[in-house]
Amino acid sequence: TLIYLYLAVFILIKNRKALLNRICSVSFFCIAVWSFSMVFIHNLHTSKQTALLFSSIGSFGWISFSSFFILFILALAGKEKILQKKWFYLLAFAVPLILIFKQWTGFIFGDVGKEYYGWKPLLSSTIWPHYYYIYYICFMAVGFYINIKLIKHGKGPVIKKQAKIIFTAVIITLSLGSVTDVILPLLNNHVIPNIGSSFLLIWAFAVVYAMVKYKFLVITPAAAAANIISTMFDSLFFLNMTGKI
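Residues numbered from 1 in each chain as written. Predicted model: local features only at pLDDT ≥ 70, side-chain atom pairs only at ≥ 80, totals over all residues. Heavy atoms only, no water.

1. Overview of the overall build of the protein chain
Next, step 1: Scanning the protein chain from N- to C-terminus turns up twelve helices and two strands.
Next, step 2: The order of α-helices and β-strands along the protein chain, N terminus first, is α-α-α-α-α-α-α-β-β-α-α-α-α-α.
Next, step 3: Its C-alpha atoms put the protein chain at 75 × 30 × 30 Å along the principal axes.
Next, step 4: Expressed as a percentage of the 245 residues in the protein chain, the buried residues total 45%.
Next, step 5: When contacts within the protein chain are restricted to residue pairs at least 6 apart in sequence, those whose partners lie at least 24 apart make up 68%.
Next, step 6: Across the protein chain, the 21 positively charged side chains and the 5 negatively charged ones have centroids separated by 13 Å. (Helix = DSSP H or I, 4+ residues; strand = E, 2+ residues; numbered from the N terminus. Buried < 20%, exposed > 50% of the residue type's maximum accessible area, 1.4 Å probe, protein only. Contact = heavy atoms within 4.5 Å. Lys, Arg positive; Asp, Glu negative; His and termini not counted. Charge placed at Lys NZ, Arg CZ, Asp CG, Glu CD.)

This is the structure in structure tokens:
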């Protein structure tokens, strides 16, 4: 939780005016809420009612992640025009907001069961868990499609390298997290706790690595100039203040 909060603040401080930074910061904050909720769920001393409450509190992270992933990839691809449209955010978050409401009313994870590691959220017998999985799969598929296109047709080698880092990190994260938080609950297997929020640290560290390695999310005149010079095909002339080459 503290790592996610630190990264959320760190990224925002780097460039709070950049849309990509703001999206990334908010997504990390939501994951921090999700991670914080697991502290109470995976606790043998927590009451059942408290575990149910924090299962719903954590939904702000595990339900909204897919929408934030699409926003993140679009911002990385430079699609700021569509991200400036208010209706797009309504479209991106209408479904997760409905799902979060349904989680709070007990229609997705409607109960918890006692395990050796604390409590395990149990899927309800309603249709809403299936709606959540459909949303999860569809939104992540769209995000992956945009990411792959960015790897192949991104503007400049730096963008392509950033996209590859993000793609690799998300593949690893979702492969591990989907087993513990999606597949095993569907199979009614509760031996392994829900630790998807912990696996998302791979995503967090990948973003930090991209920032350090390629100055990802840090847009400064120096970084921009270096990127332009390294990729331009035209001749370049430097002049001093008096116009001397």
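Text resumes after the structure shown.
2. Let's talk about the pattern of salt bridges
Opposite charge on two side chains lets them pair, provided their charged atoms get close.
Next, step 1: This structure, assessed with the given rule, holds one salt bridge.
Next, step 2: Across the salt bridge formed by Asp111 and Lys48, the nearest N and O atoms sit 3.2 Å from each other. One end of the pair, Asp111, is in strand S1 (residues 109-115); the other, Lys48, is in helix H3 (residues 48-57), with 63 residues separating them in the sequence.
Next, step 3: According to the relative accessible area criterion, Asp111 is partly exposed, its value standing at 30%. (Salt bridge = Lys/Arg side-chain N within 4 Å of Asp/Glu carboxyl O.)

3. Description of H3
Next, step 1: Among the residues of H3, those classed as buried are Ala51, Phe54, Ser55 and Ser56.
Next, step 2: Each element contacted by the buried residues of H3 is listed here: helix H2 (19-41), helix H4 (59-62), helix H7 (86-104), S1 and strand S2 (118-123).

4. With respect to the packing of aromatic side chains
Next, step 1: Scanning the entire structure with this criterion turns up 23 aromatic pairs.
Next, step 2: Judged by centre distance (4.9 Å) and plane angle (65°), the rings of Phe72 and Trp203 are edge-to-face. One end of the pair, Phe72, is in helix H5 (residues 65-76); the other, Trp203, is in helix H11 (residues 201-214), and 131 residues separate them in sequence.
Next, step 3: With relative accessibility at 2%, the residue Trp203 sits in the buried group.
Next, step 4: Ring plane angle 45° and centroid distance 6.4 Å describe the contact between Tyr132 and Tyr135, whose orientation is recorded as tilted. (Phe/Tyr/Trp six-rings, centres within 6.5 Å; stacked < 30°, edge-to-face > 60°.)

5. Here we look at the side chain of Ser59
Next, step 1: Within the element layout of this structure, Ser59 appears in helix H4.
Next, step 2: A distance of 2.4 Å separates a polar side-chain atom of Ser59 from the backbone oxygen of Ser56.
Next, step 3: The contacts of Ser59, once residues within four sequence positions are left out, are Ser64, Ile100, Gln103 and Trp104. (Polar contact = N/O pair within 3.5 Å; in protein donor to acceptor, adjacent residues only side chain to side chain.)

6. Side note on the nonpolar core
Next, step 1: Within the largest apolar cluster, 59 residues are counted, with the highest numbers of intra-cluster contacts made by Phe28, Phe72, Tyr132, Ile166, Trp203 and Val207.
Next, step 2: No other element matches H2, which puts eleven residues into this core. (Core = buried A, V, L, I, M, F, W, Y, C linked by side-chain atoms within 4.5 Å.)

7. A look at unusual backbone geometry
Note: most peptide bonds trans; most residues except glycine with negative phi.
Next, step 1: Of note, the phi angle at Asn188 is positive, near 60°, even though the residue is not glycine.
Next, step 2: Looking at where Asn188 falls in the secondary structure, it is placed in the loop between helix H9 (157-186) and helix H10 (196-199).
Next, step 3: Residue Asn188 is classed as exposed on the basis of its relative accessible area of 59%.

8. Some details on the side chain of Ser124
Next, step 1: Considering the arrangement of structural elements, one finds Ser124 in the loop between S2 and helix H8 (128-153).
Next, step 2: At 2.9 Å, the side chain of Ser124 forms a polar contact with the side chain of Thr126.

9. As for the packing of helix H1 (residues 2-14) against H2
Next, step 1: Their axes nearest at 8 Å, the elements H1 and H2 cross at an angle of 170°. By the angle between their directions, the pair H1 and H2 is classed as roughly antiparallel. When H1 is examined against H2, the residues Tyr4, Leu5, Leu7, Ala8, Ile11, Leu12 and Lys14 are found in contact with a partner set consisting of Asn21, Arg22, Cys24, Ser25, Phe28, Phe29, Ile31, Ala32 and Ser35.
Next, step 2: Of the residues belonging to the contact of H1 with H2, the class tally is eleven nonpolar, three polar and two charged. (Axes fitted to C-alpha atoms, helices over the stretch in contact; angles between N-to-C directions. Parallel < 35°, antiparallel > 145°, perpendicular 65-115°, else oblique. Nonpolar A, V, L, I, M, F, W, Y, C, P; charged D, E, K, R; others polar.)

10. Side note on a nonpolar patch on the surface
Next, step 1: A contiguous nonpolar patch, built from Leu2, Leu5 and Phe29 and spanning about 320 Å² of accessible area, is present on the exposed surface.
Next, step 2: Looking at the element boundaries, Leu5 is found in helix H1. (Patch = residues over 30% accessible without salt bridge, like charges linked within 9 Å, V, L, I, M, F, W, Y side chains within 5 Å. Areas by Shrake-Rupley, 256 points an atom, 1.4 Å probe, with all protein chains shown as cover.)

Functional significance is not addressed by these values, which are geometric in nature.
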